[in-house]
Amino acid sequence: GAQRSGSNDTGSGNSSESTKKTPMRQVVDVIHRIQWDDDLPTDHFSIGYLDRFVGIIEKPFAAFSWEDLASVDSRTVLAVPKHRFQYVKYRDEIVWDKRVQLDNFFGSRGDGTTISDIIAKHVAQAKQSPATTTPVVAQQAQLAFEEDDDEDDEGEGAGQTQQQQRASHRPGPVRPNFFIGIRVTQPDIVSTARVVQDAIVAGDPRLEDGVLPSTALHVTVGMLRVSNSRDAERVKTVLATNQKHFMALFTASPLRVCGVSDFRGRVVYAVVELSPALQRLNAVLLQSLREAGILTPGNHEAFSPHMTLVKLSRPMCRAMGKSAYIEPALYSQFTGIDFGEQPITELHVCSMTEPKEADGFYVRLASLSLGVEVLVPSLAPALLARLRQLQQRSRISAPTAGDLAACVEDAADVAQHSRLVVTLGELSGSGDDAAGGWRFFQQADNATMTGDPLGCVYVLRGLPGSGKSHVAEALRAHLSATGGAVKICSADEYFTAQGSERDADESPAATAAITGAAAVSYGYSTANIRQAHSYCLDSFMEALNAGVPSVVVDNTHVSRWQYALYLRVAALCGYRARVCHLVCRDAEVARRFSERCQHAVPLPAIMRMMELWEEDRESVALQPAIKPKADLNLEPLLSAASSSGQAQLPYVFYAAVFLSQKSRRHLLAMYAPTHTDTIPVDMHCTLAFMPSEEEALRLPLGETVALRVLGVADDGLNQVAAVTIVGNVTSTNAHPHITLSYTSASTAKHSNDVLAEWAASGKPLESRGELMISGTVGCVVMSQPHDQLSVITDREHLRRALHEAPVTSPPPEVISEDDDSVQLVETLYVYDFDGTLVDTVGPVAGKVLYKKLTGTAWPFPSWLGVPLSLEPPLPVRPGPKMRSFRAHTARPRSKVVVLTGRQEESMFDAVAAVLRDFHVVPSRLICQPYCSPVTADYKQETLVELVHTHPHLKRVVLYDDLPDNLAAFEQLAKRHSRLQWTVLDAATHTEPAKRYKDPLGQFIRHYGSLATSSYRQAAGVCLDFLTEAWRSVLASASPATSKLQSEKVHRRLVIPFGSVVLGRSSDVDVCLVASSAVGLSHMEMMTGLADHLESCGLRRVHRGFSSRCPRVRCTVPLSTHASIDVDVVFAILLPPEFERLVGDDALVPIADLFASIPASDSVSRIALGGPLFAEEVLAVVESKCSARVFATALEAIVLLVRAHNLKANAFHFARTFHYAKLLAQFVASAHADQVATATKLFSHFVKQAAAMGKGKWAKLCRDFVPEVYFPRLTEVLIGTQDLLKRPQDVDYDTFVTLFRPEDPHLPLLDAGFWAQFAVLSAGGSGERPSSVALWKAGLLLEARCGTYVRPLLERGFLFQPDCRASCDHLVPGASHVNSAGSSSGVRLMRFAVHCSNTSLSAKDVLQHDFAPLLTEIGALFPAGQDVVLSFPE
């Protein structure tokens, strides 16, 4: 019989079976052997894997997670599919390589070598040579050593012997003499580098000569050898040729410098993050140089970008002898330091041998600018047109326009071009800061010009064969029909003989089949791809210069950097830009793309591009045209292009008969869906697509219409039911239908083509009998390109929806608070727990960390269902959305829910404890029941229940970090389109936890307790509201004050102080000022303001009748912000000082006002004492440190004492202003370095405060704080000082531990008991007390409790509040206090009690002494609700 081809071609005569290759062992076998074989140390192995964006990356074996991919968090651990593993290394030798079919691990492929042989070989080599540095590290050390070290060897030949000199002229290895680098000039990086260098030199002064000057800091991209002038010209040509390519590469990719490391102890450097852009720059640059005939010695395969700080030159090594080594201890404290980011605006070709220039940097053979200002001369006509437009629309004056036009026309002045770029950026609406104009064109995400566009740029993205040219031609046809010119720019034009604009990725036949166009010749060449894209960019700029209103850029654009430059140029020239991508969901769609590809791009290559695809959240998704002559829906792209960032007038997207749920069930019961990818939720029969308003209003909206189902057609992509409409309603579709299901490779619109094909071919429909169904006529209205669709079935509602533009982001307004009986909930905020609200440790990393911290292995088989996973010593950090959670808490007419996949039975208490630790108070905590579906389904079902529970709900905002949950939320939003849904991915805002120069500052920022811009805006609204209220009170008391009408005068009568002026997001303290001529006493002012606030609709208004300082406490409800508590005191000024306050143009110092108050008016002096204290603190802060640093350190102090249960006003613990005063005193005497960051300020302050004796604390707090509390406070500060004593060890997790201690620190419970104040509802009615009464009870308890506590302290009692008890209502049953089963109520306060006097019956004494307080508070509640003191177990 015939032999199989290739089965016996060796000529040996052996059978095919004998020559069959041994199967190569899989990488899984290698991994398992390394894991379980004790003779194979894992730290000697590394694995190279294929990254979707970067290429091959090598990581240590121990860095990978070997658990099932579905069970790990890919955001926090390195979990890679096994098919991406390319090779395995033992030390520096590859022992298994999929790429070349090598297996020297088991010996299944190759010469039979096994891992045992390789280890034995390395052991033998180690005995001969003790050097242990791997080749890659040695290469990088040599590169850094050679980079600019030749200058150190100049003149050395003078001291050499003649024999040595002759030897030096012998041929040797070629060494580089130039390097291409990026100069580092950012002040933050330079100053941090100086700090590290100074520390190293301080530890070893011999290293001073090896310090790289600040003016010479740089990052090397590549090294080269320039031998003559011809080489020099070639280098300049290479740079000029690739300039546009490099400009696009670094649109939004600055250098990130973070951490310190070394090469073999010879070079200490700052670590530069290897971004995909930087790696590509290195590869393209070296390849281009080599192609130009330039030698590139000194460059190695493993590119490791770095910024040299200190290096040992050859002379230094000779002088230091055997000790020529930089000790790691000299810089170990900086291994995690964050230097900052350096924008990449220039590349320099620098000499390594010549002396440095006058500016301290290297002599430059050439420099290449990468800023967009380089393109100004090439864009002169477009820029001049932009300036004319800005002048015509009064955006700039005629002189300014002329001045800027001169900048454009001066082709040689780069500085003028930069000025022009900055100015246009500012006019385009970027500037968050002074550099906003420049940043607008340096960041691709910002380069989406809004307002006054000259035209629109459409950037198309898609895999080869996806149909980009079809979209481009469809755009041309649509836009040309409106009378505007259209230009299509593509790199394919460079390869197309006829210069026609079409997709190089698609075959002529395929293009003709889709578009009907004739095929043209095409000659693609990979070698010319960069020239082709440069040609495309030139063509694009020509179109802008010509004023073409619509420009389409048609390229593959796998990565965002490939089209970022088009966005920058479009924004610079005043064009709006929109990005559109053609969706490729799976391998089957990619296969169809491959079949119609022009130059036979194989399917594996397209799949590789699919893996490398970089998502753009701003891009508009279009479904590809899978079938020939299929229609395209360009509406999403066109509507996005017309959006200017402001609300657009809504329009009717389509009108249809929407099936009832009963009809939908009957239809699917008879015709089961055949494509489970997509089954439409809102099944409908379309009546008209994008009808006019008149056409939509003529429809019988809201009426029920009957439909007769004729049968079903299915072409493998869409399953569609053909119907006829019973009655007078008609459809504009030739074949009325209902889409039942379709695949991910198709769209619902393809259903039209299916029925058209069936009708043309005469195929019979599949019919299973007669079926009558019904639905309601309605219209789908869209007001924004990405809006959720809403169905409207009422004419009046439709008219309003079409003519009322939605209100976006209104400023907060003071509103009337709802009564408890109404309980309107209009906005629902739903937060996930892990990865969203808090950042927890995942299973793989967590088990490793647990063993490291405890010395024992994780004792449980699972992770997420074990409470220990949320308990110390494992860290739980503030998550990416904790800050926004605090902003949403306590908003009127809203509810905040935490919805987690953690199991309810085992994890409810643990999750609630974490929320208590972070003082996070949601309206409700919902955990997943044990017997429930997958998490995404469970969350979807829970949200449906929440929506139905609140009938007045208008908006739902969802935060989650898992794609499955987000997708489920999106589906739910489509089903409940009457609501406004916002689904936000928390993972996109996650930041690394250990890359901060100021870890405390970053922790407090994530914690979210400092003032934000929205809080400051809301506080301003409150102050305005109080100003108007106070003006009304004064005007009603004295008509003469009504003449004080100016806003400036009114605002001077309201003096804020306290937390709000120190930058904390706490309550707002205000001192209201009046003249004694008004004739009102302090009590009359207090009652007058309280009465007026209640008349304005405020329900939470408390009158403080203290004769020492009358005050009003109120809560101001706001429309779009959390309610803000306001504490108001009153001061009376003598008429001269009052006139000075309201009459002078300059602000009057509070100290002057305070000095003018008579000593007899102690109330006014106390009231003005707060503003005076704030003024003094701010004066110190402004002269010595940043206000943000001070506020952060103060917030950290508050968190520290609260974490140790030492912060409670009701028990007269030290208040925030005591700590602020002490902190300000420290700042006044501190050195500049001690207040440079919040971390330093806090650490040094704690050290000083820990050394304070009881007498100093008593002097600070005077008589307000009982001395019995000071020892405990000192103990906490000393423990904190011990934790912070080594600054190099202080990182983000230090503060995670510090503010969430392992011990709850309630030592009184060792020999004491719990006590609590609670409100009970008698008779078991369970009626919850009024929220207003509870609020007032809390204020009264805080104000009066200390009066009763002080005598008890003298009798041997000790009290310690549970500062975490504010969230106890989350735990089932814990919010209710049960007493003999007959009453239930709400806890007001819980605290621990210990009595050292054993002769007393402690509980009886407390009941007796607190009885008057209980009576006073009980008066706030109606009959049947009593305030009690109880003692829970």
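Scroll up to find the structure this text is about.
Rules behind the numbers
Residues numbered from 1 in each chain as written. Predicted model: local features only at pLDDT ≥ 70, side-chain atom pairs only at ≥ 80, totals over all residues. Heavy atoms only, no water. Salt bridge = Lys/Arg side-chain N within 4 Å of Asp/Glu carboxyl O. Helix = DSSP H or I, 4+ residues; strand = E, 2+ residues; numbered from the N terminus. Contact = heavy atoms within 4.5 Å. Buried < 20%, exposed > 50% of the residue type's maximum accessible area, 1.4 Å probe, protein only. Arc of directions from axis to C-beta. Axes fitted to C-alpha atoms, helices over the stretch in contact; angles between N-to-C directions. Parallel < 35°, antiparallel > 145°, perpendicular 65-115°, else oblique. Left-handed = near helix turned anticlockwise from the far one by under 90°. Nonpolar A, V, L, I, M, F, W, Y, C, P; charged D, E, K, R; others polar. Phe/Tyr/Trp six-rings, centres within 6.5 Å; stacked < 30°, edge-to-face > 60°.

### With respect to the pattern of salt bridges
Part 1 of the argument: Considering all chains together, one arrives at 37 salt bridges under this definition.
Part 2 of the argument: Ionic contacts of the salt-bridge type, sharing partners, join the residues Arg183, Glu357, Asp359 and Arg364 into one network.

### Topic: the environment of Ala1249
Part 1 of the argument: Secondary-structure assignment places Ala1249 in helix H40 (residues 1238-1250).
Part 2 of the argument: Sequence separation between Ala1249 and Gln1281 is 32 residues; the distance between their C-alpha atoms is 9.4 Å.
Part 3 of the argument: For Ala1249, the contacting residues outside a window of four places in its chain are Leu1222, Trp1257 and Leu1277.

### Looking at the environment of Leu285
Part 1 of the argument: Relative to the helices and strands, Leu285 resides in helix H8 (residues 276-291).
Part 2 of the argument: Between the C-alpha atom of Leu285 and that of Val221, which follows or precedes it by 64 residues, the distance is 8.4 Å.
Part 3 of the argument: When sequence neighbours within four positions are dropped, the list of residues in contact with Leu285 reads Ile180, Val221, Leu239 and Phe246.

### Focus: the side chain of Thr1294
Part 1 of the argument: Here Thr1294 shows up in helix H43 (residues 1292-1298).
Part 2 of the argument: Classification of Thr1294 as buried rests on a relative accessible area of 9%.
Part 3 of the argument: Apart from the residues lying within four places of it in its own chain, the contact partners of Thr1294 are Leu1283, Leu1284 and Asp1289.

### What to know about helix H41 (residues 1254-1261)
Part 1 of the argument: Residues of H41 that are buried include every one of Trp1257, Ala1258, Leu1260 and Cys1261, and no others. End-on, the buried residues of H41 take up no more than an arc of 160°, which puts them together on one face. Opposite the buried face of H41, by more than 90 degrees, sit the exposed residues Gly1255, Lys1256 and Lys1259.
Part 2 of the argument: On its buried side, H41 packs onto helix H39 (1216-1229), H40 and helix H42 (1270-1284).
Part 3 of the argument: Just beyond H41, the residue with positive phi is Arg1262, at close to 55°.

### Remarks on the packing of H40 against H42
Part 1 of the argument: Axis separation between H40 and H42 bottoms out at 9 Å; the angle between their running directions is 135°. Comparing their axes, H42 and H40 come out oblique. When the axes of H40 and H42 are compared, the crossing they make is left-handed. Each of Phe1242, Ser1243, Val1246, Lys1247, Ala1249 and Ala1250 in H40 lies in contact with H42, whose residues at this interface are Thr1274, Leu1277, Ile1278, Thr1280, Gln1281 and Leu1284.
Part 2 of the argument: The residue makeup of the contact of H40 with H42, split by class, is 7 nonpolar, 4 polar and 1 charged.

### Some words on the packing of aromatic side chains
Each aromatic ring pair is specified by the distance between its two centres and by the angle formed by the two planes.
Part 1 of the argument: Under the counting rule described, the total for this entry stands at 37 aromatic pairs.
Part 2 of the argument: Ring centres of Phe1359 and Phe1391 lie 6.0 Å apart, and the angle between their planes is 55°; this geometry places the pair in the tilted category. Residue Phe1359 is found in strand S39 (residues 1357-1361), and its partner Phe1391 is found in strand S40 (residues 1384-1395); the two are separated by 32 residues along the sequence. One exposure class covers both Phe1359 and Phe1391, and it is buried.
Part 3 of the argument: Clustering of aromatic rings is evident, with ring pairs tying together Phe918, Phe1003, Tyr1007, Phe1242, Tyr1292, Phe1295 and Phe1299.

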